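Structure assessment
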Amino acid sequence: MSLQGKIAIVTGAGRGIGKATALRLARGGADVAVVDIDASSAEDTAREVQAIGRRTLAQRVDVTQRSEISAFADQVVDQFGHLDVMVANAGIVQVKFWLELDDVDLDRMFAVNIKGVIYSGQAAARHMMGQRSGRIINIASVAAKFGRPLYLHYGASKAAVVNLTRAEAYNLAAYGVTANSVCPGIVDTKMWEYLDEALGRIEGRPKGETIKQRLTTIPMGRLEVPEDVAGVVAFLASDEAGYITGQSVIVDGGTFME
Ligand SMILES: NC(=O)c1ccc[n+]([C@@H]2O[C@H](COP(=O)([O-])OP(=O)(O)OC[C@H]3O[C@@H](n4cnc5c(N)ncnc54)[C@H](O)[C@@H]3O)[C@@H](O)[C@H]2O)c1
């Protein structure tokens, strides 16, 4: 499964799933441009991409700003000649009782997790449609599939990602461009470190207990690691996945089966 010659952008690539994905694509042979709202972490990832022997470009981009991600995609095409893969991974989570969610909470969640994904797709699609090839891969979540009492807005945002990915797939199919979403489960990253602590605080469990409890619900018997997600993204980015579009691929060790 080679990604040789492909040019990719990964958003939220400074750590966690985004970083693992950038490095996995680079190991597969792609040149990988990385963005994050945290500039220094994006630069760290870029250095690791370079160490693998691939070309890279790093920039601070806030995906809630359409002009920033759009200008970055243009810069990547100017510098590398084309754009083959957009991984819209940047996302946030927040634990809060649903009756207390205010406009600031909702606006921030939907700006990053929905608008950010739409803007990233638009930025890439303009180039991919012209090339008549490309892959858009949006990172959703199994939280898209069921409601959870303490992060209603996160689950809603991820359900939106699954849905909007299908609309992207319809719009892009005639141009030879695919769009798919990936739905991870409980991935051992800073995001789950926060969830473990925040859910535990509200539900009365000490630090580390929530994640331990959730572990018992995973048939595969281990927590997901960022590389579990990265491998699926690499497959969807490859030529072998050229006839898969509009799908949401659950990668959660068998916890949720549909
Ligand atoms: N960790 C999990 O269990 C899990 C499960 C399902 C889905 N996901 C999704 O996977 C994606 C990555 O999650 P993670 O666990 O690696 O999270 P993380 O918090 O470890 O990393 C997220 C990265 O996105 C960046 N980011 C946040 N807002 C941004 C913005 N506005 N513009 C650009 N970059 C921004 C952060 O700086 C950070 O580097 C998210 O979309 C998340 O919702 C995670």
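Structure: above.
Calculation rules
Residues numbered from 1 in each chain as written. Predicted model: local features only at pLDDT ≥ 70, side-chain atom pairs only at ≥ 80, totals over all residues. Heavy atoms only, no water. Near = heavy atom within 4 Å. Polar contact = N/O pair within 3.5 Å; in protein donor to acceptor, adjacent residues only side chain to side chain. Helix = DSSP H or I, 4+ residues; strand = E, 2+ residues; numbered from the N terminus. Nonpolar A, V, L, I, M, F, W, Y, C, P; charged D, E, K, R; others polar. Pairing = 2+ DSSP bridges. Contact = heavy atoms within 4.5 Å. Core = buried A, V, L, I, M, F, W, Y, C linked by side-chain atoms within 4.5 Å. Buried < 20%, exposed > 50% of the residue type's maximum accessible area, 1.4 Å probe, protein only. Salt bridge = Lys/Arg side-chain N within 4 Å of Asp/Glu carboxyl O. Right-handed = clockwise from strand over helix to strand, strands pointing away. Expected span 1.5 Å × (residues − 1). Arc of directions from axis to C-beta.

**So, the site of the ligand**
Taken together, 28 residues sit near the ligand, with Asp 36, Asn 89, Tyr 154, Val 187 and Thr 189 positioned nearest. For the ligand, an oxygen atom lies 2.6 Å from a polar atom in the side chain of Asp 36. Here an oxygen atom of the ligand sits 3.3 Å away from a polar atom, N or O, in the main chain of Gly 185. When residues in the shell around the ligand are grouped by element, the largest group, three residues, is from helix α6 (residues 190-203). By residue class, the composition of the shell around the ligand is 15 nonpolar, seven polar and six charged.

**Thoughts on the pairing of strand β3 (residues 56-60)**
Where strand β2 (residues 31-36) and β3 come together, five bridges link them in parallel fashion. Bridged to Asp 36 within β3 is Arg 60.

**Here we look at the side chain of Ser 181**
Secondary-structure assignment places Ser 181 in strand β6 (residues 177-184). When sequence neighbours within four positions are dropped, the list of residues in contact with Ser 181 reads Asn 138, Ala 140, Val 162, Thr 165, Gln 247, Ser 248 and Val 249.

**Section: the nonpolar core**
Grouped together as the largest cluster of nonpolar side chains are 29 residues, with contacts concentrated most on Leu 25, Val 32 and Val 182. Of the residues forming this core, the biggest block, six residues, is contributed by helix α8 (residues 226-237). Setting aside its immediate chain neighbours within four residues, Leu 25 contacts Leu 3, Ala 8, Val 10, Ala 30, Val 32, Val 87, Ala 234 and Ala 237. Within the second largest apolar cluster, 24 residues are counted, among which are Ile 7, Ala 124, Ala 125 and Val 177.

**Describing unusual backbone geometry**
Residues apart from glycine generally show negative phi values, whereas peptide bonds are mostly found in trans. For Arg 132, which is not glycine, the phi torsion reads 60° and is therefore positive. Considering the arrangement of structural elements, one finds Arg 132 in the loop between α4 (103-131) and β5 (134-139).

**Considering the pattern of salt bridges**
The final tally for this structure, using the stated rule, is twelve salt bridges. We note a salt bridge from Lys 96 to Asp 105, for which the minimum N-O separation is 2.6 Å. Ionic pairing is found between Arg 205 and Glu 203, a salt bridge with its closest N-O pair at 2.2 Å. A network of salt bridges, in which partner residues are shared, links Asp 31, Arg 54 and Arg 55.

**Re the pairing of β6**
With eight of eight residues buried, β6 lies mostly within the body of the structure. On β6, burial covers both faces: Val 177, Ala 179, Ser 181 and Cys 183 on one face and Thr 178, Asn 180, Val 182 and Pro 184 on the other are all buried. Alignment of β5 against β6, held across six bridges, turns out to be parallel. Bridge pairing in β6 links Ile 136 to Ala 179. At this point the chain moves from β5, through helix α5 (residues 152-172), to the parallel β6, and the crossover so formed is right-handed. In terms of strand pairing, β6 meets strand β7 (residues 248-251) through four bridges, oriented parallel. Looking at β7, one finds that Cys 183 is bridged to Ile 250.

**Digging into helix α2 (residues 39-52)**
It helps to recall that an α-helix has 3.6 residues per turn; residues three or four apart then point in one direction. Taking 1.5 Å of rise per residue, 14 residues should cover 20 Å, and α2 covers 20 Å from first to last C-alpha, within 8% of that figure. For α2, the set of buried residues is Ser 41, Ala 42, Thr 45, Ala 46 and Val 49. Buried residues along α2 cover an arc of 145° about the axis, so they all sit on one side. Facing away from the buried side of α2 by more than 90 degrees, the exposed set consists of Arg 47, Gln 50 and Ala 51. The inward-facing, buried residues of α2 abut α1 (16-27), β2 and β3. Taken from the residues just after α2, Gly 53 is the one with a positive phi, measuring 105°.

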